[in-house]
Amino acid sequence: MPFAFPDGLAPEVYPLAWLVGRWAGTGVVKYEGIDETPFVQELVFDHDGGPYLRFESTIRVRSGAAADGEVPDGETGDDAGFDTVWSTETGYWRISTDRPDGLPEDKHVVEALVTDASGRLSLFLGAVGDGRVDLATDFVARTSTAAEVTAAKRLYGNVEGRLLWVEELAAFGHPMASYASGELDRQ
């Protein structure tokens, strides 16, 4: 199916147009002090015609006894038992008018402001082009009760129509390391 720009999308965010839509799928979290934990994710990129995309992500894990990977009795389907919210993020992504020296012509600077319901706000800067977004935190602020995350990197990629992503964190006094990854399908 050929790609079409979403109706009413501001031209300023055309480099991000391939992200617009509702995505869902599975992934895994694993980090120092966090056992490998499968999750399901719902991710939405949408717009209201302004020069930005709105971003919303919810990741759910299995609760209680189901956390070991067992599906609770009587539950079926790919998301059976994934009823505990692990994280919820909202934010805005936009294309910057800045163009640093050395940035290839087929890439655009992207800025992403992401807030996490657990009390963290991250400003990511990076580049988008050829169905790939590379981001790294420029600034992280957190409340006194939020997890001690000091830096993060994210990679999003369009791989044969699927949205694959990976995140690395520097947190809890540990250096940057793999934290989570997911494989999402357009809904």
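As a reminder, the structure under discussion sits directly above these lines.
Presented here is an overview of the structure given in this document. Remember, predicted model here, so these are calculated numbers, not experimental data.

**Focus on the overall build of the protein chain**
Stage number 1. Assigned secondary structure in the protein chain consists of zero helices and ten strands.
Stage number 2. Listing each helix as α and each strand as β along the protein chain from the N terminus yields β-β-β-β-β-β-β-β-β-β.
Stage number 3. Counting the 187 residues in the protein chain, one finds 41% classified as buried.
Stage number 4. For the protein chain, the accessible area works out to roughly 10300 Å², and carbon and sulfur atoms hold 50% of it.

**Considering the sheet that holds strand β1 (residues 21-31)**
Stage number 1. If you walk around this closed barrel you meet the ten strands as β1-β2-β3-β4-β5-β6-β7-β8-β9-β10, and the pairing is antiparallel. The average undirected angle you get between the axes of adjacent strands in this sheet is 20°.
Stage number 2. Where β1 and strand β10 (residues 177-186) come together, seven bridges link them in antiparallel fashion. In the strand pairing of β10, Trp23 is matched with Arg186.

**Considering the environment of Phe82**
Stage number 1. Along the polypeptide, Phe82 turns up in the loop between β3 (53-61) and β4 (84-95).
Stage number 2. Measuring from C-alpha to C-alpha, the distance between Phe82 and Ile59 comes to 9.0 Å, with 23 residues separating the pair along the chain.
Stage number 3. Setting aside its immediate chain neighbours within four residues, Phe82 contacts Pro38, Phe39, Val40, Arg60, Val61 and Arg62.

**Some words on the pattern of salt bridges**
Stage number 1. Inspection of every chain in the model, using the stated rule, returns nine salt bridges.
Stage number 2. Residues Glu89 and Arg154 are paired through a salt bridge, measuring 2.5 Å at the closest nitrogen-oxygen approach. Placement of Glu89 in strand β4 and of Arg154 in strand β8 (residues 149-159) is noted, with a sequence separation of 65 residues between them.
Stage number 3. With relative accessibility at 9%, the residue Glu89 sits in the buried group.
Stage number 4. Asp185 is the partner of Arg162 in a salt bridge, and the nearest nitrogen-oxygen pair spans 2.7 Å. A residue pair is termed long-range when its members are at least 10 positions apart, and Arg162 in strand β9 (residues 162-171) and Asp185 in strand β10 qualify at 23 residues.
Stage number 5. Judged by its relative accessible area of 29%, Arg162 is partly exposed.
Stage number 6. Overlapping salt bridges bring together Asp46, Asp48 and Arg54 as one network.

About the thresholds
Numbering of residues starts from 1 in every chain and runs along the sequence as written. Selection of residues for local features in this predicted model requires a pLDDT of at least 70, selection of side-chain atom pairs for listing and counting requires 80 or more, and totals for whole chains, interfaces and linings are taken over all residues. Derived side-chain values reflect all non-hydrogen atoms in the structure, with water molecules and hydrogen atoms excluded from consideration. By definition, any uninterrupted DSSP run of H or I lasting at least four residues is a helix, any uninterrupted run of E lasting at least two residues is a strand, and each is numbered from the N terminus. Only protein chains enter the area calculation, which uses a 1.4 Å probe; residues under 20% of their type maximum are buried, those over 50% are exposed, and those in between are partly exposed. Surface accessibility follows the Shrake-Rupley procedure with a 1.4 Å probe radius. Residue values consider only the protein chains on display as shielding. One requirement defines pairing of two strands: DSSP has to find at least two bridges between them. Convention adopted: a line fitted to C-alpha atoms gives each axis, helices being fitted over their contacting stretch, and angles between N-to-C directions are expressed from 0 to 180 degrees. Contacts are assigned to residue pairs with any non-hydrogen atoms lying within 4.5 Å of each other. What counts as a salt bridge is simple: a side-chain nitrogen of Lys or Arg found within 4 Å of a carboxyl oxygen of Asp or Glu.

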